[in-house]
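Analysis of the macromolecular model
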Amino acid sequence: MDSSPFDRTNQAGNLANSAADSVSDSLASSDSDSMAQEKYAIPPKHGLSLLLKSSRKNSKKNNPEKNKESSQEQSQQSSSPTLSDNSPSLTIAQDEQALAPMLAIAAMAKRPKTIAETGLSEQLLLQLLIKHMLVDHVVSVRQLADKMALSGGIIQNLLDHAKTLNWLENRQSSKSGQMRYALSGLGNTEAEKAFKQAGYLGITPVPLSQYCDICLQQTSRNTVVVKELLQQRFSKLMFSEELINTIGPALNSSKPILIYGAPGVGKSYLCRHLNLLFGDEILIPAAIEINNIIIQVYDPQLHSLSSNEQLHNNNDAKLVALAHGYDPRWHLCQRPLLVTGGELTAEMLEVNFDATNRTYKAPLQLKANNGILLLDDLGRQKISPVELFNRWIIPLEERRDFLSLPNGLHFEIPFELILLFSTNLAPQDLVDDAFLRRLGYKIKFEALSIELYQQLWFKTCADYQLDCHHDIFTYLVEQRHYVDQKDFLPCLPRDLLSIVCDQIKFNQLAPVVTQALLCFAWQHYFVHSYDNSSSDNASPNNAKNPNKSNELRSE
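Summarised in this report is the structure supplied together with it. Within each chain, residues carry numbers counting from 1 in the order of the written sequence. Side-chain atom pairs in this predicted model are given and counted only at pLDDT of 80 or more, local residue features only at pLDDT of at least 70, and totals for whole chains, interfaces and linings cover all residues. Computation of side-chain values covers all heavy atoms of the structure but excludes hydrogens and water.

**A short note on the overall build of the chain**
As a reminder of what qualifies: We count a stretch as a helix when DSSP gives it H or I for four or more residues in a row; a strand needs E for two or more, and each element gets its number in order from the N terminus. Between buried and exposed lies partly exposed: a residue is buried under 20% and exposed over 50% of the maximum accessible area for its type, with that area taken using a 1.4 Å probe on protein chains only. Contacts: residue pairs with any heavy atoms within 4.5 Å of one another. Computed with a 1.4 Å probe, the accessible areas rest on the Shrake-Rupley method; for each residue, only the protein chains presented here act as cover.
Counting its secondary structure elements, the chain contains 26 helices and 17 strands. Counting every position in the chain, which comprises 555 residues, the buried fraction comes to 43%. Once local pairs closer than 6 in sequence are excluded, the contacts in the chain between residues at least 24 apart make up 75%. Surface summary for the chain: the accessible area is close to 29800 Å², and the carbon and sulfur share equals 48%.

As structure tokens, then:
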């Protein structure tokens, strides 16, 4: 390729500073292209304070004498008594600090105000517009703006263009006075043609170049995992100190990680909690556009929308969002954690085209970008480990993946994710040493020590609201684990006590773990060997021929 969107030296610098510098300009200027927005009452705490703060910054830049006076006033204020928690100034500072993430995100994904700023062709936008109108019949500018996640000014420009093509008809205004539009006969024909070409109907996509830039800016590799952070986030998880000291450096590595060990030692459990280390949120586009082809990226079944009420529901945030909100074509989500197991196929790693709906869907690694992708039960997929590693040799080494479309178009995307492999099999039985070398870290999970197992047992009892005497735990260890030669697996407390709870509910017993309940749970959790001779005697054939089993044994 002649050019690549992966210029890591050209990334944005301090996003928060650039957002703060744009506060005064954006609030002072009126957005003539945007649609008529709902009027929000300016909150007494934040909205006005933000305006005053921005104006003070501008005045300081233009008037150095006043700047000196303000610095003296600040020094006097610092010597004044400490503000109480209910102080208006303290509340303003807290509100501004809470909105800092929104400003940083808005600087990274700015709202487009013109068709050119969307990065898309006007033809693609017109086709998406008339497809929405074909489905909804009669629409207003506001409705189209919500469905396409574009400003009212852009929607109005598209409607005006569609009018010149005789694709639209004016309809009676709504009760609120908003103009409403519908497709003409020619517009219906063009919309049906557009649906035959591409079936995508949703939020306006973002161009591939913008997706690549933002994906690189919000990579998880910018977060350095230190021991203190790992211990703090995993404080409620029972893992040995040795394992913590191994998994931490592995997460700072740019190479994938192979986790192996016996079933039940907590491999998948640990991987599913790795997102606790980051705790931040990222932007995921609804779809991306490559050469006027739209590929869906956001998947509500795999991506979790942000629960940050400050960014979504706060009235102050809504006020600032009118001028500073991030591009609504992006969804603010938690870092994705995608888990796939035996169902993984080679087709899931490529762009998928649905011939029925005529839509394109992103491959698994594209949906997991900026997050974690866990391939569980490696070696049990329909695709062999060798084929899987062959597919990802270049992405693992160059941190970029090459994809193709059915029309032969090739393009590349960032491969900015933490890739984890988990298996119960011996690694040397899966692939050769050359592939194992590319994996970087190979971490073996083992059973717990008796001390950690005891802590986990009584912690699980507390979670299930069960009382358990220490003598019962001693019986479990000495008469069950040691006698049956069972390791102290992290999964056993949860599984055994779950069976105990089932018995207590069924028999309406007190929430106390007894020896009888524990024996019942142990007996029905493990598969025990049985006597073949007794089963032979109990079979229907032996009932007819009682001497048959004896004849077989004598032979």
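**With respect to the sheet that holds strand β11 (residues 352–354)**
Applied cut-off: DSSP calls a pair of strands paired once it identifies at least 2 bridges connecting them.
The strand order β4-β7-β8-β12-β11 describes an open sheet built from 5 strands, whose pairing is mixed. Where the open sheet ends on each side, the last strands, each with one partner, are β4 (206–207) and β11. Bridging between β4 and strand β7 (residues 287–290) involves 2 bridges; their strand directions are parallel. Within β7, the residue paired with V206 across the bridge is I288.

**Brief notes about the environment of F415**
Following the sequence through the fold, F415 ends up in the loop between β15 (410–414) and β16 (418–423). With relative accessibility at 4%, the residue F415 sits in the buried group. Those residues in contact with F415 that lie beyond four places of it in its chain are R221, Q365, N369, W392, P395, L396, R399, R400 and D401.

**Examining the packing of helix α6 (residues 122–136) against helix α7 (residues 141–148)**
In helix packing, the relevant descriptors are the interaxial angle and the interaxial distance, both defined with respect to the helix axes. What counts is decided by this rule: All axes are obtained by fitting lines to C-alpha atoms, using only the stretch in contact for helices, and the reported angles, taken between N-to-C directions, cover 0 to 180 degrees. An angle below 35 degrees is read as roughly parallel, one above 145 as roughly antiparallel, one from 65 to 115 as roughly perpendicular, and any other as oblique. Handedness of a crossing is defined here by the sense of rotation of the near helix relative to the far one, left-handed for an anticlockwise turn of less than a right angle and right-handed for a clockwise turn. Each residue gets one label: Ala, Val, Leu, Ile, Met, Phe, Trp, Tyr, Cys and Pro are nonpolar, Asp, Glu, Lys and Arg are charged, and the others, such as Gly, are polar.
Between α6 and α7, the shortest axis-to-axis distance is 11 Å and the interhelical angle comes to 115°. One way to sum up the angle between α6 and α7 is to call them roughly perpendicular. Note that α6 runs across α7; the crossing there is right-handed. Contact with α6, carried on its side by L125, L128, L129, H132, M133 and D136, involves L144, K147 and M148 of α7 and no other residues of that element. A per-class count over the contact of α6 with α7 returns 6 nonpolar, 1 polar and 2 charged.

**Section: the pattern of salt bridges**
Note on pairing: side chains with opposite charge can pair once their charged atoms come close. Counted only if it meets this: Salt bridges are counted wherever a side-chain nitrogen of Lys or Arg sits within 4 Å of a carboxyl oxygen of Asp or Glu.
A full pass over the atoms with the stated rule returns 13 salt bridges. One salt bridge connects R400 with E398, and the closest N-O pair in it is separated by 2.9 Å. For E398, a relative accessible area of 39% translates into the label partly exposed. Among the salt bridges present, the one from E412 reaches R400, with a minimum N-O distance of 3.3 Å. Here the residue E412 occupies a position in strand β15, and R400 occupies one in strand β14 (residues 400–404), the gap between them amounting to 12 residues. On the accessibility criterion, E412 (3% relative accessible area) is buried. Salt bridges linked by common partners bring R221, R399 and E416 together as one network.

**Quick notes on the sheet that holds strand β2 (residues 168–171)**
Across a sheet, paired strands are connected by hydrogen bonds in the backbone, their directions being either parallel or antiparallel. Ordered in space as β1-β3-β2, the 3 strands form an open sheet in which the pairing is antiparallel. In this open sheet, the two strands that pair with only one neighbour each are β1 (138–140) and β2. When strand polarity is set aside, the average angle formed by the axes of neighbouring strands in this sheet is 40°. As defined by bridge partners, β2 adjoins strand β3 (residues 180–183) across 4 bridges and the pair is classed as antiparallel.

**A short note on the pairing of strand β8 (residues 293–296)**
Here β7 runs beside β8; their pairing, made up of 4 bridges, is antiparallel. Within β8, the residue paired with I288 across the bridge is I295. Counting the residues between successive antiparallel strands, the hairpin from β7 to β8 contains 2 residues, one of them, N291, with a positive phi of roughly 55°.

**A look at helix α21 (residues 470–484)**
Formally: One less than the residue count of a helix, multiplied by 1.5 Å, gives the span that helix is expected to have.
The end-to-end C-alpha distance of α21, which contains 15 residues, comes to 20 Å, matching closely the 21 Å that a straight helix rising 1.5 Å per residue would cover. The complete set of buried residues in α21 reads I472, F473, Y475, L476, V477 and H481. Looking at the residues trailing α21, positive phi occurs at Q485, about 55°.

**Some remarks on the packing of aromatic side chains**
Between two aromatic rings, the relevant description is the distance of the centres plus the angle of the planes. As a reminder, the rule being used: The rule is short: rings of Phe, Tyr and Trp, with Trp giving its six-membered ring, pair when the centres are within 6.5 Å, and they are stacked under 30 degrees, edge-to-face over 60, tilted in between. The criterion is that NZ of a Lys, or CZ of an Arg, lies within 6 Å of the ring centre and within 35 degrees of the ring normal, and then a charge sits over that ring.
Following the criterion strictly, the structure yields 11 aromatic pairs and no others. Their ring planes at 35° and their centres at 4.9 Å tell us that Y453 and F488 sit as a pair that is tilted. Of this pair, Y453 sits in helix α20 (residues 450–463) while F488 is found in the loop between α21 and α22 (491–507), placing the two residues 35 residues apart along the sequence. No difference in accessibility class separates Y453 from F488, as the two residues are buried. Both rings, one in W522 and one in F526, keep their centres 4.6 Å apart while their planes meet at 50°; by these two values the pair is tilted. Residue class for W522 comes out buried when judged on its relative accessible area of 0%. One aromatic cluster in this structure is built from Y453, W457, F458, F473, Y482 and F488. Here K131 stacks its cationic end above the ring of F195, 5.4 Å away from the centre of that ring.

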